[in-house]
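# Structural characterization, general
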Amino acid sequence: EAAWPALAHGDRIVHGDLRADNMVRDHHLGVTFVDWAHATTGPACIDAASLAPQLVLAGHTPEDVARLLRDHPATADSPDTTTAFLAALTGHWHHNARKPAPPGAPGLRAYQHRAAAAGLALLSYRLS
(Lines give C-alpha, C1' and ligand atoms only; values in the text may rest on other atoms or scores of the structure.)
Protein backbone atom coordinates (compact mmCIF):
# COMPACT_ATOMS: atom_id res chain seq x y z
CA GLU A 1 0.00 0.00 0.00
CA ALA A 2 2.81 2.39 0.82
CA ALA A 3 4.22 1.94 -2.70
CA TRP A 4 1.05 3.25 -4.38
CA PRO A 5 1.71 7.04 -4.31
CA ALA A 6 4.99 6.65 -6.22
CA LEU A 7 3.26 4.48 -8.85
CA ALA A 8 0.02 6.47 -9.19
CA HIS A 9 1.08 8.54 -12.17
CA GLY A 10 0.05 7.78 -15.71
CA ASP A 11 -1.37 9.24 -18.88
CA ARG A 12 -4.58 7.22 -19.22
CA ILE A 13 -8.03 8.59 -18.48
CA VAL A 14 -9.41 6.32 -15.79
CA HIS A 15 -12.90 6.09 -14.37
CA GLY A 16 -11.60 5.43 -10.88
CA ASP A 17 -14.76 3.87 -9.44
CA LEU A 18 -15.84 0.92 -11.55
CA ARG A 19 -18.61 -1.09 -9.96
CA ALA A 20 -21.74 -2.75 -11.28
CA ASP A 21 -23.84 0.30 -10.41
CA ASN A 22 -21.57 2.49 -12.54
CA MET A 23 -22.12 0.41 -15.67
CA VAL A 24 -25.14 0.25 -17.95
CA ARG A 25 -25.47 -2.70 -20.30
CA ASP A 26 -27.34 -2.41 -23.57
CA HIS A 27 -27.81 -5.63 -25.53
CA HIS A 28 -26.97 -3.83 -28.79
CA LEU A 29 -24.43 -1.22 -27.72
CA GLY A 30 -22.56 -3.10 -25.02
CA VAL A 31 -21.49 -1.60 -21.70
CA THR A 32 -21.34 2.12 -20.97
CA PHE A 33 -19.52 3.44 -17.92
CA VAL A 34 -21.45 6.13 -16.06
CA ASP A 35 -20.82 8.38 -13.02
CA TRP A 36 -17.42 9.75 -13.91
CA ALA A 37 -17.20 11.84 -10.71
CA HIS A 38 -13.81 10.32 -9.81
CA ALA A 39 -12.27 10.43 -13.29
CA THR A 40 -8.60 11.27 -13.39
CA THR A 41 -5.44 10.36 -15.22
CA GLY A 42 -3.32 7.49 -14.03
CA PRO A 43 -1.88 4.13 -14.94
CA ALA A 44 -3.93 1.90 -17.24
CA CYS A 45 -4.31 -0.77 -14.56
CA ILE A 46 -6.53 1.28 -12.21
CA ASP A 47 -9.91 0.48 -13.69
CA ALA A 48 -9.25 -3.24 -14.07
CA ALA A 49 -7.82 -3.40 -10.55
CA SER A 50 -10.74 -1.48 -9.05
CA LEU A 51 -13.22 -3.76 -10.81
CA ALA A 52 -11.47 -6.95 -9.65
CA PRO A 53 -12.83 -7.00 -6.04
CA GLN A 54 -16.29 -6.33 -7.47
CA LEU A 55 -15.97 -9.53 -9.50
CA VAL A 56 -15.20 -11.44 -6.30
CA LEU A 57 -18.25 -9.85 -4.65
CA ALA A 58 -20.30 -10.98 -7.65
CA GLY A 59 -19.32 -14.61 -7.01
CA HIS A 60 -16.14 -15.19 -9.01
CA THR A 61 -13.34 -16.91 -7.14
CA PRO A 62 -10.41 -14.81 -5.97
CA GLU A 63 -8.12 -17.26 -7.77
CA ASP A 64 -9.89 -16.72 -11.12
CA VAL A 65 -9.93 -12.94 -10.72
CA ALA A 66 -6.25 -12.91 -9.70
CA ARG A 67 -5.49 -14.92 -12.86
CA LEU A 68 -7.47 -12.38 -14.91
CA LEU A 69 -5.42 -9.55 -13.42
CA ARG A 70 -2.21 -11.44 -14.15
CA ASP A 71 -3.13 -11.99 -17.81
CA HIS A 72 -5.20 -8.92 -18.79
CA PRO A 73 -3.39 -6.43 -21.08
CA ALA A 74 -4.22 -3.48 -18.79
CA THR A 75 -2.60 -5.14 -15.77
CA ALA A 76 -0.12 -7.74 -17.07
CA ASP A 77 2.56 -5.16 -17.90
CA SER A 78 2.37 -3.46 -14.49
CA PRO A 79 1.98 -6.13 -11.80
CA ASP A 80 3.60 -4.05 -9.05
CA THR A 81 1.41 -1.02 -9.79
CA THR A 82 -1.70 -3.21 -9.95
CA THR A 83 -0.89 -4.86 -6.62
CA ALA A 84 -0.04 -1.53 -4.95
CA PHE A 85 -3.32 0.02 -6.15
CA LEU A 86 -5.31 -3.02 -5.02
CA ALA A 87 -3.62 -2.84 -1.61
CA ALA A 88 -4.33 0.90 -1.29
CA LEU A 89 -7.96 0.44 -2.33
CA THR A 90 -8.39 -2.45 0.10
CA GLY A 91 -6.83 -0.38 2.88
CA HIS A 92 -9.17 2.51 2.04
CA TRP A 93 -12.21 0.22 2.34
CA HIS A 94 -10.93 -1.38 5.54
CA HIS A 95 -10.26 2.02 7.13
CA ASN A 96 -13.61 3.51 6.16
CA ALA A 97 -15.58 0.39 7.11
CA ARG A 98 -14.65 1.03 10.75
CA LYS A 99 -16.13 4.54 10.79
CA PRO A 100 -19.66 5.26 12.04
CA ALA A 101 -22.38 4.83 9.42
CA PRO A 102 -23.13 8.11 7.64
CA PRO A 103 -26.73 9.35 7.70
CA GLY A 104 -28.72 8.09 4.74
CA ALA A 105 -26.32 5.26 3.82
CA PRO A 106 -27.14 2.40 6.21
CA GLY A 107 -25.49 -0.33 4.10
CA LEU A 108 -22.29 1.50 3.23
CA ARG A 109 -20.08 0.19 6.04
CA ALA A 110 -21.20 -3.42 5.51
CA TYR A 111 -20.40 -3.07 1.80
CA GLN A 112 -16.97 -1.65 2.64
CA HIS A 113 -16.28 -4.61 4.94
CA ARG A 114 -17.21 -7.03 2.13
CA ALA A 115 -15.14 -5.11 -0.43
CA ALA A 116 -12.12 -5.08 1.90
CA ALA A 117 -12.45 -8.84 2.41
CA ALA A 118 -12.61 -9.36 -1.37
CA GLY A 119 -9.53 -7.19 -1.83
CA LEU A 120 -7.64 -9.12 0.83
CA ALA A 121 -8.58 -12.41 -0.83
CA LEU A 122 -7.22 -11.14 -4.15
CA LEU A 123 -4.03 -9.83 -2.56
CA SER A 124 -3.52 -13.23 -0.96
CA TYR A 125 -3.38 -14.85 -4.41
CA ARG A 126 -1.30 -12.08 -5.96
CA LEU A 127 1.29 -12.18 -3.20
CA SER A 128 1.56 -15.97 -2.81
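Notes on the structure in this doc start here. For clarity, every value in this text was computed on a predicted model and none was experimentally measured. (Residues numbered from 1 in each chain as written. Predicted model: local features only at pLDDT ≥ 70, side-chain atom pairs only at ≥ 80, totals over all residues. Heavy atoms only, no water.)

## Some remarks on the packing of helix α2 (residues 45-57) against helix α6 (residues 108-127)
Geometrically, a packed helix pair is captured by the angle between its two axes and the distance between the axes. In the contact formed by α2 and α6, the axes pass within 9 Å of each other and the chain directions differ by 105°. As summarised for this structure, α2 and α6 are arranged roughly perpendicular, according to the angle between their axes. Note on element contacts: α6 touches α2 through Tyr111, Arg114, Ala115, Ala118, Gly119 and Leu122, opposite Ala52, Pro53, Gln54, Val56 and Leu57. Grouping the constituent residues of the contact of α2 with α6 by class yields 8 nonpolar, 2 polar and 1 charged. (Axes fitted to C-alpha atoms, helices over the stretch in contact; angles between N-to-C directions. Helix = DSSP H or I, 4+ residues; strand = E, 2+ residues; numbered from the N terminus. Parallel < 35°, antiparallel > 145°, perpendicular 65-115°, else oblique. Contact = heavy atoms within 4.5 Å. Nonpolar A, V, L, I, M, F, W, Y, C, P; charged D, E, K, R; others polar.)

## Section: helix α3 (residues 62-71)
Restricting attention to buried positions, one finds in α3 the residues Val65, Ala66 and Leu69. With its buried residues spanning 100° around the axis, α3 presents them on a single face. Of the surrounding secondary structure, the elements contacted by the buried residues of α3 are α2, α4 (73-76), α5 (79-97) and α6. (Buried < 20%, exposed > 50% of the residue type's maximum accessible area, 1.4 Å probe, protein only. Arc of directions from axis to C-beta.)

## Structural notes on the packing of aromatic side chains
Scanning all chains against the criterion turns up 2 aromatic pairs. Note on Trp4 and Phe85: the rings are 5.0 Å apart at their centroids and 65° apart in plane angle, and the pair reads as edge-to-face. Here Trp4 is found in helix α1 (residues 4-7), whereas its partner Phe85 is found in helix α5, with 81 residues between them in sequence. Judged by relative accessible area, Trp4 falls into the buried class, the value being 15%. (Phe/Tyr/Trp six-rings, centres within 6.5 Å; stacked < 30°, edge-to-face > 60°.)

## Brief notes about the pairing of strand β3 (residues 30-33)
If a strand is regular, its side chains alternate between the two faces of the sheet. Relative to β3, strand β2 (residues 23-26) runs antiparallel, the two being bridged by 4 bridges. The residue bridging Val24 from the neighbouring strand is Thr32, located in β3. Hairpin connection, β2 to β3: the antiparallel pair is bridged by 3 residues. (Pairing = 2+ DSSP bridges.)

## Structural notes on the pattern of salt bridges
Pairing between side chains of opposite charge can happen when the charged atoms of each approach one another. Going through the model one piece at a time under the given rule, you end up with 6 salt bridges. Taking the shortest distance from any N to any O, the salt bridge between Glu63 and Arg67 comes out at 3.8 Å. Placement of the pair is Glu63 and Arg67 together in helix α3, with a separation of 4 residues, close to one helical turn. Taking the relative accessible area as the measure of exposure, Glu63 reaches 40% and is therefore partly exposed. (Salt bridge = Lys/Arg side-chain N within 4 Å of Asp/Glu carboxyl O.)

## Regarding the nonpolar core
Membership of the largest hydrophobic core is limited to 12 residues, which are Trp4, Val14, Ile46, Ala49, Ala84, Phe85, Ala88, Leu89, Trp93, Tyr111, Ala115 and Ala116. Of all the secondary-structure elements, those providing two or more residues to this core are α2, α5 and α6. Residue contributions to this core peak at 5 residues, all from α5. Filtering out sequence-adjacent residues up to four positions away, Ala116 remains in contact with Thr90, Trp93 and His94. Listed in part, the 10 residues of the second largest apolar core include Val56, Val65, Leu69 and Ala87. (Core = buried A, V, L, I, M, F, W, Y, C linked by side-chain atoms within 4.5 Å.)

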